[in-house]
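Architecture at a glance
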Amino acid sequence: MSHTSHHQATLLARVRRLKGQMEAIERALEAGAPCADILNLAASVRGATNGLVVELLEDHLQSHVVKADDDAARAAGAMELVEVMRRHLK
């Protein structure tokens with residue numbers, strides 16, 4: 001069982017909010033809203049996405065590094081985290 005299943009409701013709520021925010025951008029574009037309004041909506045999406053990523057990173061760190069069963073599992077969890085952070089920060 002994935003550790004994300006423990007926080008599934010919270011994570012899904014964040015994803016659903018993101019979905020709603022993306023749909024708001026779509027509606028704004030279709031309606032010809034001013035570019036500043038669309039930029040503000042996009043900034044909200046970025047902030048919400050960053051919040052989701054931080055929550056997932058924290059959960060991974062706690063589950064696979066801090067509370068790892070042994071040193072090998074801890075090292076593997078840390079390497080996974082480094083790889084994800086490299087992709088995320090590109």
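Further up the page is the structure itself.
The present account deals with the structure reproduced in this document. (Residues numbered from 1 in each chain as written. Predicted model: local features only at pLDDT ≥ 70, side-chain atom pairs only at ≥ 80, totals over all residues. Heavy atoms only, no water.)

**Description of the overall build of the protein**
Selection rule: Note on conventions: DSSP H or I runs of at least 4 residues are helices, E runs of at least 2 residues are strands, and numbering of each starts at the N terminus. Based on C-alpha atoms, the radius of gyration is set beside the globule rule, defined as 2.2 Å times the residue count to the power 0.38. Per-residue accessibility, obtained with a 1.4 Å probe over protein chains only, is compared with the maximum for each type, and a residue is labelled buried under 20%, exposed over 50%, and partly exposed between these values.
Scanning the protein from terminus to terminus reveals 3 helices and 0 strands. Secondary structure of the protein in N-to-C order comes out as α-α-α. In terms of C-alpha radius of gyration, the protein reaches 17 Å, well past the compact-globule figure of 12 Å for 90 residues. If one aligns the C-alpha atoms of the protein with their principal axes, the spans along those axes are about 55 × 30 × 15 Å. The buried share of the protein, reckoned over its 90 residues, is 19%.

**Let's talk about the nonpolar core**
Cut-off, in case you're wondering: We define a nonpolar core as any set of buried Ala, Val, Leu, Ile, Met, Phe, Trp, Tyr and Cys residues linked to one another through side-chain atoms lying within 4.5 Å.
With 7 residues, the main nonpolar core is built from Leu11, Leu18, Ile25, Ala28, Ile38, Val45 and Leu52. Listing elements by their share of this core, those giving two or more residues are helix H1 (8–31) and helix H2 (35–66). Examining the composition of this core, we find that 4 residues originate from one element, H1, more than from any other.

Honestly, it's all geometry; don't read function into it.
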